[in-house]
Amino acid sequence: MTQQRSPSLEAWVLGRRLELLGLRGVKKLELHENRTVMVTLTERGVLRLHRGYYYAPDSVLRAVVDFVSPRVPRQRRLQAERELLAFPVGDFVPPKPRPSRNGRVRPGDLRLIRELEKLHRKFNREYFGGKLSAVRIRLSSRMRTRLGELTLDERTHRPVEIAISRRHLERDEWSEVEHTMLHEMVHQWQAESGLNVDHGPAFRRKALEVGIEPRARRFVRSRRRAARYG
Ligand SMILES: [Zn+2]
């Protein structure tokens, strides 16, 4: 664990160091953790600086002073900019992790995932003799033209996850979603039977047996568009 210094103390110490290095005319120093703009000086004399510079050596802080001081020759200012940008602020103040767009669980997702898991269990009993393993079900916001996708473990080639397109769930009828789940489950059956996961003869045979279209692409009627599977 690192010690948490008080933000105001950090600003005060950093402000003093900058003053000693020649900074003038700054009324206030504010620290931030925004990585897009490291240093700005407002017209009202507020210097906004990334908090990581608290950990910078004097040589880097001198570059900060040059960068914001008036009447610094252009060449020197450009060099100062390069120097201050080269300092790895992120090593000292790591960026806060943001929830990824794709991984975000939205309200209502859990209920939908439970429904899809139930569907997987039902189809497993009805069409695969209950022999398929339980896999994780995920909703994907990234899948725009694909309806569903089976993910295999890179090393073992065992199925780990079935992703269903969020768009598909929102736009198409439940019977279409059922079709997609069954399609992915035929791929799961291929993988767990040691067959290639493709749309070849084994896929087509099994697809006909379970009553789904034996192809990689499907025309989703309710929206009059072609969509494909992974
Ligand atoms: Zn497929």
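Conventions and cut-offs
Residues numbered from 1 in each chain as written. Predicted model: local features only at pLDDT ≥ 70, side-chain atom pairs only at ≥ 80, totals over all residues. Heavy atoms only, no water. Helix = DSSP H or I, 4+ residues; strand = E, 2+ residues; numbered from the N terminus. Expected span 1.5 Å × (residues − 1). Buried < 20%, exposed > 50% of the residue type's maximum accessible area, 1.4 Å probe, protein only. Arc of directions from axis to C-beta. Pairing = 2+ DSSP bridges. Axes fitted to C-alpha atoms, helices over the stretch in contact; angles between N-to-C directions. Contact = heavy atoms within 4.5 Å.

> Tell me about helix α5 (residues 109-128), residues and numbers included.
For α5, built from 20 residues, the straight-helix expectation of 28 Å at 1.5 Å per residue is met to within 8% by its first-to-last C-alpha distance of 27 Å. Asp109, Ile113, Leu116, Leu119, His120, Phe123, Asn124 and Phe128 are the residues of α5 that are buried. Around the axis of α5, the buried residues are gathered within 140° of arc, so they sit on the same side. Of the exposed residues in α5, the ones pointing more than 90 degrees away from its buried face are Leu110, Arg111 and Arg125. Two residues or fewer after α5 comes Gly129, characterised by a positive phi angle close to 60°.

> Kindly report on the sheet that holds strand β5 (residues 148-152), identifying the contributing residues and their values.
Judged by pairing direction, the sheet is mixed, and its three strands sit side by side in the order β4-β6-β5 without closing on themselves. Both edges of this open sheet fall to β4 (136-140) and β5, since each of them pairs with a single strand only. The sheet shows a mean angle of 25° between the axes of neighbouring strands, direction not considered. Summarising the sheet, β4 and strand β6 (residues 159-165) pair through five bridges and their orientation is parallel. Directly across from Leu139, in β6, lies its bridge partner Ile164. Running at roughly 130° to β4, α5 makes contact with β4 and β6 of the sheet. In this fold helix α7 (residues 174-192) packs onto β4, β5 and β6, with an angle of close to 160° to the strand it touches most, β6.

> Please set out the sheet that holds strand β2 (residues 39-41) residue by residue, giving values where relevant.
With mixed pairing, three strands are arranged side by side in an open sheet as β1-β3-β2. Each having just a single partner strand, β1 (28-32) and β2 make up the two edges of the open sheet. Each adjacent strand pair in this sheet contributes to an overall mean axis angle of 15°, direction not counted. The sheet contact formed by β2 and strand β3 (residues 46-50) spans three bridges and is antiparallel. Within the sheet, the bridge partner assigned to Thr40 lies in β3 and is Arg48. Along the sheet, helix α2 (residues 58-68) contacts β2 and β3; its crossing angle with β2, the most-contacted strand, is approximately 40°.

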